[in-house]
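What follows is each chain in one-letter form.
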Amino acid sequence: MIVVTGATGKLGTLVVEGLINQVPVEEIAVVARDAAKARRFGELGVEVRQADYSDPASLADAFREGEKVLLISGSEVGQRVPQHKAVVDAAKSAGVALLAYTSILGGPAADFELAREHQITERYLIDSGIPYVLLRNGWYHEVYTEAIGQALATGGLLTSAAEGAEVASASRADFAAAAVAVLTGDGHANAEYELSGDRAWTFEEFTAEASRQLGKELPLNRVTPEVHRGILEGAGLPGTLVPILVGADDAISRGLLATRTGDLSRLIGRPTTPVAEAIAQGVKSV
Ligand SMILES: NC(=O)c1ccc[n+]([C@@H]2O[C@H](COP(=O)([O-])OP(=O)(O)OC[C@H]3O[C@@H](n4cnc5c(N)ncnc54)[C@H](OP(=O)(O)O)[C@@H]3O)[C@@H](O)[C@H]2O)c1
């Protein structure tokens, strides 16, 4: 049995759809905190198990001996260490055969705030003794392409990343395909994959391509980290999130999200999706 947590999210949905195309539905289970959100999968024959990362008791029956599990990192930044530890503990008690985790590009070398919870989770998972796979995901194209409409409405794509800094993003679908490859293939136990796009882009290139596809200018609003912080605070973002977002752009300035190892295209057996294709999707929804 292959079990996917976070299956009701955007990445999880793509993973489950990919699995359904490759293995019998009776061999797939999803873990969702809101079982109603996973009903669509249930109707297709996928087993739906209800559990919340924040509720260890609910996780006690989420996994079974010998299963291959994908832990999709939670979306509640700041709460993820105890949440992920609870999932690892439950997986260990159940005796799962493999636990794959969606971590962050660079792993221990990613020294920025957003990476901290991933680093602690990675260590905890490795120390658990469960055969593991670290899927160290770089940025999704969609982080930027789904924000094109908002960027247009607010005067441009806001960044405090340095001029010329590069991002080697890939599409969510690429990262989902990598997870499917690991869950359906053999020989991945205790592997650490650095997953990113084959090509890196600069913010100048991104906004130029978006402007070309939009038929009007998408300005690049490059600001200092201090100004960036002020704009995000002024927009009402939670105080804890602001340094995380500004810190992520600082990491981009230092090249930490531009790492390219080729692991992603090797795992999925094809080149990663060009950012221009994801921009086209983003432009369609503007
Ligand atoms: N690499 C990147 O660029 C990037 C960007 C954004 C996020 N991420 C990370 O990658 C993860 C997957 O991305 P995504 O786009 O699929 O995010 P998403 O759509 O927000 O999905 C997050 C999933 O985690 C589930 N979840 C959150 N808290 C949970 C809890 N306490 N118990 C059980 N399930 C919980 C959500 O359940 P519900 O459906 O019930 O909310 C959802 O299924 C994110 O959670 C985040 O850690 C990476």
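Chains are numbered independently. Their residues run from 1 in the order of the written sequence. Under the rules for a predicted model, residues below a pLDDT of 70 receive no local features and side-chain atom pairs below 80 are neither given nor counted, while totals for whole chains, interfaces and linings still include all residues. Each side-chain value is worked out from all heavy atoms of the structure, with water and hydrogens disregarded.

**Student:** Which parts of the structure should I look at to understand unusual backbone geometry?
**Tutor:** The phi angle of most residues is negative, glycine excepted, and most peptide bonds adopt the trans form. For Asn190, which is not glycine, the phi dihedral falls at a positive 65°. Mapped onto the fold, Asn190 is located in the loop between α8 (172-184) and β9 (191-195). Helix and strand assignments follow DSSP, with helices taken as H or I runs no shorter than four residues and strands as E runs no shorter than two, numbered in order from the N terminus.

**Student:** What am I meant to see in the packing of helix α4 (residues 80-94) against helix α5 (residues 116-128) here?
**Tutor:** The description of two helices packed together rests on the angle between their axes and the distance between the axes. With their axes 9 Å apart at the nearest point, α4 and α5 run at an angle of 20° to one another. When the axis of α4 is compared with that of α5, the two are roughly parallel. At the point where α4 passes α5, the crossing takes the right-handed sense. Every residue of α5 that contacts α4 at Arg80, Val81, His84, Lys85, Val88, Asp89 and Lys92 is listed here: Glu117, His118, Ile120, Thr121, Tyr124, Leu125 and Ser128. Its residues assigned to classes, the contact of α4 with α5 comprises five nonpolar, four polar and five charged. Note on geometry: axes are lines fitted to C-alpha atoms, helical ones only across the stretch in contact, with angles between N-to-C directions running from 0 to 180 degrees. In these notes the angle categories are as follows: under 35 degrees is roughly parallel, over 145 is roughly antiparallel, 65 to 115 is roughly perpendicular, and the rest is oblique. Here a crossing is taken to be left-handed if its near helix is turned anticlockwise relative to the far helix by less than a right angle, and right-handed if that turn runs clockwise. Any two residues having at least one pair of non-hydrogen atoms within 4.5 Å are treated as being in contact. Residue type decides the class: Asp, Glu, Lys and Arg count as charged, Ala, Val, Leu, Ile, Met, Phe, Trp, Tyr, Cys and Pro as nonpolar, and the leftover types, Gly among them, as polar.

**Student:** Just to check I follow, could you spell out the UniProt feature "domain: NAD(P)-binding" (unreviewed entry) in the protein chain for this structure?
**Tutor:** Taken from the UniProt record, the annotation "domain: NAD(P)-binding" (unreviewed entry) applies to residues 6-184. For the annotated span residues 6-184, helix accounts for 40% and strand for 17% of the residues, and the straight-line distance between the end C-alpha atoms is 18 Å. UniProt positions are given in the numbering used here, feature names are shortened, and annotations may be inferred rather than shown by experiment.

**Student:** Can you help me understand helix α11 (residues 241-253) in this one?
**Tutor:** The periodicity of an α-helix, 3.6 residues per turn, causes residues three or four places apart in sequence to face the same way. Under the 1.5 Å per step criterion, the end-to-end length of α11 is 19 Å for 13 residues, consistent within 8% with the ideal 18 Å. In the core, the buried residues of α11 are packed alongside α6 (142-145), β7 (157-159), β8 (166-167), α9 (203-214) and α10 (225-234). Following α11 by one or two positions, Gly255 adopts a phi angle in the positive range, close to 80°. The span you would expect from a helix comes to 1.5 Å times its residue count less one.

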